[in-house]
Amino acid sequence: MWARLGLFMGVNAIILLVVLLVVFKYPEFKSVGSFRVVAIDNGEVRAESEVFVYNPNFFRISGSDITMQCAYNDVVFGTGKIDQLSLPSKEIGQVNTYFTFETEKLAKFWEDLI
């Protein structure tokens, strides 16, 4: 009996995972609320920003210690970090981000970005 219950729960978990993967939509960037340069030294610019993101899914998206790469035309010019993320379903949520940009790479296409 317990083996059947375990198999049943395992199959249900796989079905749920497949459904979530099929219906999942990526969050959409909406706007920048603020952007502040914290420091410029050793060929790097460190900055903080507050951005607003829409979650089009029927479920909340949350996470912590998220890292990302900042790129333009396939050239990675920095890294970013989100300490905590919590996007309510079908709503716009605030996300605080922290970035480190490499000034040498950023200088090559700065005018395109602004």
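None of these values were measured; they are calculated from a predicted model. (Residues numbered from 1 in each chain as written. Predicted model: local features only at pLDDT ≥ 70, side-chain atom pairs only at ≥ 80, totals over all residues. Heavy atoms only, no water.)

J.: Help me understand the overall build of the protein in this model?
T.: If you tally the helices and strands in the protein, you get 3 helices and 5 strands. In the protein, which comprises 114 residues, the proportion classed as buried is 22%. Across the protein, every contact between residues at least 6 apart in sequence was considered, and the portion connecting residues at least 24 apart equals 55%. Total accessible area on the protein stands at roughly 8,500 Å², and carbon and sulfur atoms take up 59% of it. (Helix = DSSP H or I, 4+ residues; strand = E, 2+ residues; numbered from the N terminus. Buried < 20%, exposed > 50% of the residue type's maximum accessible area, 1.4 Å probe, protein only. Contact = heavy atoms within 4.5 Å. Areas by Shrake-Rupley, 256 points an atom, 1.4 Å probe, with all protein chains shown as cover.)

J.: Explanation requested: a nonpolar patch on the surface in the structure shown.
T.: On the surface, F29, V32, F35, V37 and I40 cluster together into a nonpolar patch covering about 530 Å² of accessible area. Structurally, V37 is set in strand β1 (residues 28–41). By relative accessible area, V37 is classed as partly exposed at 42%. (Patch = residues over 30% accessible without salt bridge, like charges linked within 9 Å, V, L, I, M, F, W, Y side chains within 5 Å. Salt bridge = Lys/Arg side-chain N within 4 Å of Asp/Glu carboxyl O.)

J.: In this structure, what is going on with the nonpolar core? I would like to understand it.
T.: General note: in soluble globular proteins, nonpolar side chains tend to be found buried as a group. Counting residues in hydrophobic clusters, the biggest one holds 8 residues: V45, A47, C70, F77, F99, F101, L106 and F109. Counting residues per element, the ones that place at least two in this core are β2 (44–54) and β5 (92–102). Setting aside its immediate chain neighbours within four residues, F101 contacts F35, G43, E44, V45, A47, C70, F77, G78 and L106. Core analysis: the next-biggest nonpolar cluster, separate from the first, contains 7 residues, V51, V53, I82 and L85 among them. (Core = buried A, V, L, I, M, F, W, Y, C linked by side-chain atoms within 4.5 Å.)

J.: Can you help me understand unusual backbone geometry in this one?
T.: Across the chain, the bulk of peptide bonds are trans and the bulk of non-glycine residues have phi less than zero. The phi dihedral of D65 falls on the positive side, at around 50°, and the residue is not glycine. Along the polypeptide, D65 turns up in strand β3 (residues 61–72). Overall, the relative accessible area of 54% leaves D65 in the exposed class. The phi dihedral of K90 is positive, around 55°, even though this residue is not glycine. Residue placement: K90 occurs in the loop between β4 (75–87) and β5.

J.: Where do I start with the pattern of salt bridges in this structure?
T.: Counted under the stated rule, the structure contains 6 salt bridges. Measuring nitrogen to oxygen at the nearest pair gives 3.6 Å for the salt bridge that ties E28 to K30. Judged by its relative accessible area of 43%, K30 falls in the partly exposed class. Residue E48 pairs with R36 through a salt bridge whose shortest N-O separation is 2.9 Å. With E48 in strand β2 and R36 in strand β1, this residue pair connects regions lying 12 residues apart in the sequence. You can call E48 partly exposed: its relative accessible area is 28%.

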